[in-house]
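Now for the letters of each chain:
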Amino acid sequence: MIITDFLERNARLYGGECALVELSPSEERDKAVTWWDFNLIESASDAPYRRELSWKDFDRRANRFANLLLSRGLKKGTKVAILLMNCLEWLPIYFGILKAGCIAVPMNFRYSSDEIKYCLELADVEVLIFGPEFISRMDAIAKDIPQVRMCFFVGKDGPDYTEDGIRLMGFCSSSHPPIALEEEDHAAIYFSSGTTGFPKAILHNHRALVHACLVEQKHHSQQRDDVFLCIPPLYHTGAKMHWFGSLLSGSRAVLLRGVKPEWILRAVTEEKCTIVWLLVPWAQDLLDAIDDGRVDLSQYRLDQWRLMHIGAQPVPPSLIARWKTVFPHHQYDTNYGLSESIGPGAVHLGVENIHKVGAIGIPGYGWETRVVDERGQEVPQGEVGELILKGNGVMLCYYKNPDATAETIKDGWLYTGDMARIDEDGFIFLVDRKKDVVISGGENLYPVQIEDFLRGFDKIKDVAVIGLPDARLGEIAVAIVEIKEGIECTEDEINKFCLDMPRYKRPKKIFFDKVPRNPTGKIEKPALREKYCGKRLVEAQITG
């Protein structure tokens with residue numbers, strides 16, 4: 001079975017029922033729809049912009065997009081990139097790419113122009129779909145991506161190098177495209193990165209996507225009457241693979257464009273959401289809003305909300321204790337995974353194991369885990385080693401990078417680069433990361449990228465970026481800056497220089513100090529963490 005079979009089954013069995021809802025509380029009421037015309041349904045409060053799509057229309061529009069691609073001569077295996085904010089069109093486009101036998105390449109909507117160009121080239125992308133939010137970034141590189149032979153614009157009045165998807169799709173059939181697919185066929189490329197900050201292209205097949213569906217539904221028991229509130233970006237494996245549980249169960253999902261606490265609670269109330277996946281800062285913000293009176297829970301109907309789960313970064317046990325005080329009836333779960341393991345679920349806590357908050361959990365459904373030493377031998381219980389994974393969700397390879405693939409996949413096992421230990425009950429605890437990636441609010445920040453940028457400031461002699469524990473974001477990136485001898489420099493000057501860097505990458509704090517390096521020239525980041533975090537805070541950071 002392949003993943004598009006689930007969509008076709010749902011269209012056949014539940015065709016007239018709602019599959020997807022898009023809520024845009026911050027949008028103006030007269031904002032034009034981006035691609036297809038849907039009815040606006042007013043909400044009881046503040047009338048947020050709302051669109052919905054039935055399973056039958058979902059499948060039909062995926063077919064139309066697939067047939068559009070095929071009409072343009074695309075062949076099985078052609079790479080097609082998606083650069084869109086969360087919207088009602090995102091998933092039909094994704095499934096249309098798969099139905100055409102092409103390879104879907106979701107793009108991080110935070111990418112700069114240079115990063116977009118790099119990833120398009122790395123993945124051999126020939127077709128790109130993008131929306132109005134990305135016009136300026138695409139304008140900057142449109143003449144420098146000759147391998148991208150076709151651009152479809154999702155919206156009105158696209159640039160002159162794009163084609164009008166609205167008009168073109170109207171001429172395409174909504175029937176199932178005549179493409180035979182197998183489980184082993186290539187399906188999607190996602191992007192990841194190590195401490196160098198240069199993305200790797202992660203290739204998955206249809207078997208892996210189906211495995212993600214099975215894992216998610218098994219872990220969180222989605223049923224036909226569940227409603228999943230999806231807030232994180234769909235380009236991320238986490239958001240999409242959690243939605244796969246709704247796909248498998250034929251249940252409704254709500255795409256919320258915004259993270260304000262009142263918007264989340266209003267969406268749960270008005271859409272009768274039963275499952276919500278949050279990132280740590282969003283959960284923190286929601287609890288803070290309740291505590292300081294900005295949100296009055298009595299104004300919302302939340303009885304049907306049964307499960308809150310968190311992933312993408314270490315979860316402070318104190319946050320969950322606080323959450324359970326406010327929402328004692330909620331089930332809670334956390335998930336661990338990598339884009340290389342098709343997202344969350346390779347390890348999960350399990351709703352029945354809340355007494356083990358602090359652990360990332362036990363092997364997920366259909367997954368094997370081990371903690372090994374540098375020779376690949378399992379370490380004794382309680383000792384620290386590298387966490388490795390095995391299952392149908394392991395990537396096929398890093399596309400066009402055999403050396404990195406060989407370093408990461410050995411005898412079918414995926415070496416995660418995360419250090420872990422297993423307790424006496426078989427629960428896995430993360431202890432440290434081999435990589436220096438800073439996970440801030442669920443987003444990976446790559447210190448080398450930030451360091452390289454800061455080194456462009458002529459007053460800086462050397463710089464190191466590390467993560468500091470943060471109650472809301474999990475970690476924040478801070479820079480230890482060594483100024484050239486005899487030069488004066490202020491924190492304000494450095495912050496002003498950083499304005500040319502994307503906001504989410506900017507260091508949150510600047511420390512002026514000498515940057516220590518070992519005899520081989522590598523920055524001694526453990527020494528910096530010890531100095532600026534303190535041993536106790538470091539342990540809290542890596543075990544939380």
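Residues numbered from 1 in each chain as written. Predicted model: local features only at pLDDT ≥ 70, side-chain atom pairs only at ≥ 80, totals over all residues. Heavy atoms only, no water.

Visitor: Just to check I follow, could you spell out the overall build of the chain for this structure?
Guide: Helices and strands together make up the secondary structure of the chain, namely 16 helices and 27 strands. Here the C-alpha radius of gyration of the chain, 23 Å, is about what a compact globule of 544 residues would show, namely 24 Å. Taking the principal axes of the C-alpha coordinates as reference, the chain spans close to 65 × 55 × 50 Å. Here the contacts in the chain between residues at least 6 apart in sequence split such that 69% fall between residues at least 24 apart. (Helix = DSSP H or I, 4+ residues; strand = E, 2+ residues; numbered from the N terminus. Rg over C-alpha atoms; globule rule 2.2 N^0.38 Å. Contact = heavy atoms within 4.5 Å.)

Visitor: Can you help me understand the confidence of the model for the chain in this one?
Guide: Per-residue confidence for the chain gives a mean pLDDT of 88, with 91% of residues at or over 70. Across residues 28–47, confidence stays below pLDDT 50; counting only partners more than four residues off in sequence or on other chains, it has 48 contacts. Here residues 535–544 scores under 50 on pLDDT; set against residues more than four positions off or in separate chains, the count is 18 contacts. (pLDDT = per-residue confidence, 0-100.)

Visitor: Quick question: what am I supposed to make of the sheet that holds strand 26 (residues 474–483) here?
Guide: Working definition: the strands of a sheet are paired by backbone hydrogen bonds and lie parallel or antiparallel to each other. Within the open sheet, the three strands sit side by side as 25-26-27. Their pairing is mixed. This sheet does not close on itself; its edge strands, each paired only once, are strand 25 (460–470) and strand 27 (509–512). Across the sheet, the mean angle separating the axes of adjacent strands is 25 degrees when strand polarity is ignored. The pairing of strand 26 with strand 27 spans four bridges and is parallel. Looking across to strand 27, one finds that Ala479 is bridged to Ile510. Against the sheet, helix 13 (residues 447–454) makes contact with strand 25 and strand 26, and its axis sits at roughly 145 degrees relative to strand 25, the strand it touches most. (Pairing = 2+ DSSP bridges. Axes fitted to C-alpha atoms, helices over the stretch in contact; angles between N-to-C directions.)

Visitor: Can you help me understand the packing of aromatic side chains in this one?
Guide: For any pair of aromatic rings, the description consists of the separation of the ring centres together with the inter-plane angle of the planes. Taken as a whole and assessed by the stated rule, the structure comprises 18 aromatic pairs. Considering the side-chain rings of Phe58 and Trp243, the 6.2 Å spacing of their centres and the 35 degrees angle between planes classify their relative orientation as tilted. Placement of Phe58 in helix 2 (residues 55–71) and of Trp243 in helix 8 (residues 237–249) is noted, with a sequence separation of 185 residues between them. Of the two residues examined, Phe58 and Trp243, each falls in the buried class. (Phe/Tyr/Trp six-rings, centres within 6.5 Å; stacked < 30°, edge-to-face > 60°. Buried < 20%, exposed > 50% of the residue type's maximum accessible area, 1.4 Å probe, protein only.)

Visitor: Whenever I open this one, the pairing of strand 5 (residues 125–130) confuses me. Can you help?
Guide: Look at any regular strand and the pattern is simple: side chains alternate between the two faces of the sheet. The buried count for strand 5 comes to five of six residues, which makes it a mostly enclosed element. Bridge analysis of strand 3 (residues 79–83) against strand 5 gives five bridges, and the strand direction is parallel. Across the sheet, the residue bridging to Leu83 is Phe130, located in strand 5. Two elements, strand 5 and strand 6 (residues 150–153), share four bridges in a ladder whose sense is parallel. Paired with Leu128 across the two strands is Cys151, which belongs to strand 6.

Visitor: I would appreciate a short explanation of the pattern of salt bridges in the present structure.
Guide: Pairs may arise between side chains of opposite charge once their charged atoms sit close together. This structure, assessed with the given rule, holds 33 salt bridges. Two residues, Asp185 and Lys76, come together in a salt bridge whose shortest N-O distance is 3.0 Å. Of this pair, Asp185 sits in the loop between helix 6 (165–169) and strand 8 (186–193) while Lys76 is found in the loop between helix 2 and strand 3, placing the two residues 109 residues apart along the sequence. Of the residues examined, Lys76 reaches a relative accessible area of 48% and is grouped as partly exposed. By sharing partners, the salt bridges in this structure join Arg50, Glu52, Arg252 and Glu271 into a single network. (Salt bridge = Lys/Arg side-chain N within 4 Å of Asp/Glu carboxyl O.)

Visitor: How should the environment of Gly165 be read in this particular structure?
Guide: Along the polypeptide, Gly165 turns up in helix 6. The exposure class assigned to Gly165 is buried, which follows from its relative accessible area of 0%. In this structure the C-alpha to C-alpha distance between Gly165 and Cys151, which are 14 residues apart in sequence, comes to 9.3 Å.

Visitor: Explain the pairing of strand 9 (residues 199–205) here, please?
Guide: A large share of strand 9 lies buried, amounting to six of its seven residues. Both strand 9 and strand 19 (residues 397–398) contribute to a ladder of two bridges, which runs antiparallel. By the bridge assignment for strand 19, Leu203 is matched with Cys397.

Visitor: Looking at this structure, how should I read the sheet that holds strand 12 (residues 275–278)?
Guide: Spatial ordering of the open sheet is given by 2-1-11-10-12-13-14-15-16, a layout of nine strands whose pairing is mixed. Strands with a single pairing partner mark the edges of an open sheet, and in this sheet they are strand 2 (49–54) and strand 16 (362–363). Both strand 13 (residues 307–310) and strand 14 (residues 331–338) contribute to a ladder of four bridges, which runs parallel. Paired with Ile310 across the strands is Thr334, a residue of strand 14.

Visitor: Could you clarify how one ought to interpret helix 15 (residues 525–532) in this entry?
Guide: Helical periodicity: at 3.6 residues per turn, an α-helix aligns residues three or four positions apart in one direction. Looking only at helix 15, the buried set comprises Lys525, Leu528 and Arg529. Down the axis, helix 15 shows its buried residues gathered within 100 degrees of arc, on one side only. Every exposed residue of helix 15 that faces more than 90 degrees away from the buried side is listed here: Pro526 and Lys531. (Arc of directions from axis to C-beta.)

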